[in-house]
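Residue strings, one per chain:
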Amino acid sequence: MVRLPWPSAACFPGEKVVYEAATAEYLRLNTRMPAAQVLYYGRDSNVGPFLILRRIEHRGDMTDALAVPGLDPNLTPVLNLELPESKLRSLWGNIASCLLEVVKPTFPRIGSLVEVDGSFRIAARPLTQNMSSMTQLAHIPPSTLPLENETYATADEWYEALANMHLAQLIFQHNDLVSSEDDCRNKYVARQIFRRLAKQGRLSTFGFVPDGWSACVKTMRPRCRAPDRPGPFRLWCDDFRPANVLLGPGDDVAAVIDWEFTYAALTQFILDPPWWLLFETPEMWPSGIEEWSRAYEPYLEIWLEAMEEKEIGDEFLYSLPLSVYMQESWKMGRFWLNYAARKSWAFAAVFWTCLDERFFGGRDTEILDKDLWKTRLHLLREEERHAIERFVQQKMNESQERTLVEWDPAEAKQRLSELLFD
């Protein structure tokens, strides 16, 4: 099986192939999860970057078993609500078995796996799906993203890097990001607050036993301890979903494929339940994020039951199984923290809907959505507050111009630095 990045659609194609090949082969050699063997790969060839895998015989993927049949394959699948609960638990249990294998290996830094002389090590930046989308869809200057050889030593460092990229998207996406002046203020204030919390080391402890700062721990007592800030770290795939799981006879897993956007990440990501249980993302749910949450909860219970059956009491972290961490992640809101950290386009909606009051306590129930920024403006530093109106006017002018700007790398870095106030 040959995989070639689409020339017009793939960003960082050489990096993607190198990291995916290393990850796929590492998992095949170091876990019990069925995976396709990497036969050859290369960053430079006559056809560009390429990856050749040994073909796996299969009868479709897990989406075929879980989704409503007969829908347009070009649209997002829809979970088949008529599946018996026992069938759903069995199918998800097979996926859970694979995920439990993926998260077993540990690594000393956050970053992408690279194969060097037959061995594997973390030697490159975490190449995320969000970074690819920022470059492809929003024309964000690559110079404002992490350097290709940059890795991270702590969870706090990576949370801060993610927060910086959220600000970069707000600064450099010229079109279709802000709909009004107040929408821009909402996005600006949320991003500056999130970055401040990352720099203070608060995001890595949110919703865990060491959390002594957030409003939510005053009413809900967490049971789970936070992972150590300096690691170790575990593999995470931004784009993992049922379509990655190939089916063999009797709904057994034939192989797990497509490891693009996989990297050693902070363990906090792994401790969250999967977002893909309903297939559709929270921000794209027709009736909004809160309705997505209500639809998600009963299926989360089934997922956790499937996890428990596969764990068979195995401990994952601090004598607790992974399913316990996942359950508490949803209860405390850690799920939403990490979802927002990875998703620039969903960030502001998730922050104001699911995180703000968990962080800082209740707001005036009469406040309009467009005025949410006013409730937390006092949390910004003086220079951040001083810059907001000038920035808003600049963004509104850009929205009128509807042009794409080719930034000089040094100028783009300087512009980002001005809004980071470091």
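To be clear, the structure that these remarks concern was listed above.
Residues numbered from 1 in each chain as written. Predicted model: local features only at pLDDT ≥ 70, side-chain atom pairs only at ≥ 80, totals over all residues. Heavy atoms only, no water.

Draft legend 1. Geometry of the state of the cysteines. Overall, the coordinates contain 0 disulfides when judged by the stated rule. Cysteine cysteine 11 shares no disulfide, and the gap to the nearest cysteine sulfur, in cysteine 237, comes to 17 Å. The exposure class assigned to cysteine 11 is buried, which follows from its relative accessible area of 12%. (Disulfide = S-S within 2.5 Å. Buried < 20%, exposed > 50% of the residue type's maximum accessible area, 1.4 Å probe, protein only.)

Draft legend 2. Spotlight on empty space enclosed by the protein. Applying the stated rule across the entire model yields 4 cavities of 30 Å³ or more. As for the largest cavity, its lining consists of 17 residues, and the residues nearest its centre are Leu99, Trp236, Cys237, Phe240 and Trp276. Secondary-structure elements contributing two or more residues to the lining of the largest cavity are helix H3 (85-102), strand S6 (234-237) and helix H9 (322-332). Counting residues per element, the lining of the largest cavity draws most heavily on S6, at 3 residues. Here the residues of the lining of the largest cavity sort into 15 nonpolar, no polar and 2 charged. (1 Å grid on protein atoms, 1.4 Å probe; cavity = no way out; pocket = protein on both sides within 12 Å on 5 of 7 lines; lining within 4 Å. Points joined across faces, edges and corners; volume = space filled by probe spheres on them. Helix = DSSP H or I, 4+ residues; strand = E, 2+ residues; numbered from the N terminus. Nonpolar A, V, L, I, M, F, W, Y, C, P; charged D, E, K, R; others polar.)

Draft legend 3. A look at the side chain of serine 132. Note that serine 132 resides in helix H4 (residues 129-138). Judged by relative accessible area, serine 132 falls into the buried class, the value being 7%. Discounting residues that sit within four places of it in the chain, serine 132 has contacts with Cys11, Phe12 and Phe261. (Contact = heavy atoms within 4.5 Å.)

Draft legend 4. Structural detail: the environment of phenylalanine 316. Relative to the assigned elements, phenylalanine 316 resides in the loop between helix H8 (289-311) and H9. Note on phenylalanine 316: relative accessible area 17%, which makes it buried. Residues contacting phenylalanine 316, with those up to four places away along its chain left out, are Val103, Arg234, Ile270, Leu271, Pro321 and Leu322.

Draft legend 5. Here's a closer look at the pairing of S6. Because side chains alternate across S6, one face comprises the buried residues Arg234 and Trp236, and the other comprises Leu235 and Cys237, equally buried. Across 4 bridges, the pairing between S6 and strand S9 (residues 262-265) is antiparallel. Following the sheet pairing, arginine 234 is matched in S9 by alanine 265. (Pairing = 2+ DSSP bridges.)

Draft legend 6. Looking closely at the packing of helix H10 (residues 334-342) against helix H11 (residues 347-360). The contact between H10 and H11 brings their axes to 9 Å, and the two run at 145°. Relative to H11, H10 is oriented so that their crossing is left-handed. Every residue of H11 that contacts H10 at Trp336, Leu337, Tyr339 and Ala340 is listed here: Phe347, Val350, Cys354, Leu355, Arg358 and Phe359. Here the residues of the contact of H10 with H11 are counted per class, giving 9 nonpolar, no polar and 1 charged. (Axes fitted to C-alpha atoms, helices over the stretch in contact; angles between N-to-C directions. Left-handed = near helix turned anticlockwise from the far one by under 90°.)

Draft legend 7. Quick look at the packing of aromatic side chains. Using the criterion set out here, one finds 32 aromatic pairs in the structure. Relative to tryptophan 352, the ring of phenylalanine 351 lies with its centre 5.0 Å away and its plane at 85°, an arrangement referred to as edge-to-face. For tryptophan 352, a relative accessible area of 5% gives the class buried. Three or more aromatic residues joined by ring pairs form one cluster here, namely Phe194, Phe206, Trp213, Phe347, Phe351, Trp352, Phe359 and Phe360. (Phe/Tyr/Trp six-rings, centres within 6.5 Å; stacked < 30°, edge-to-face > 60°.)

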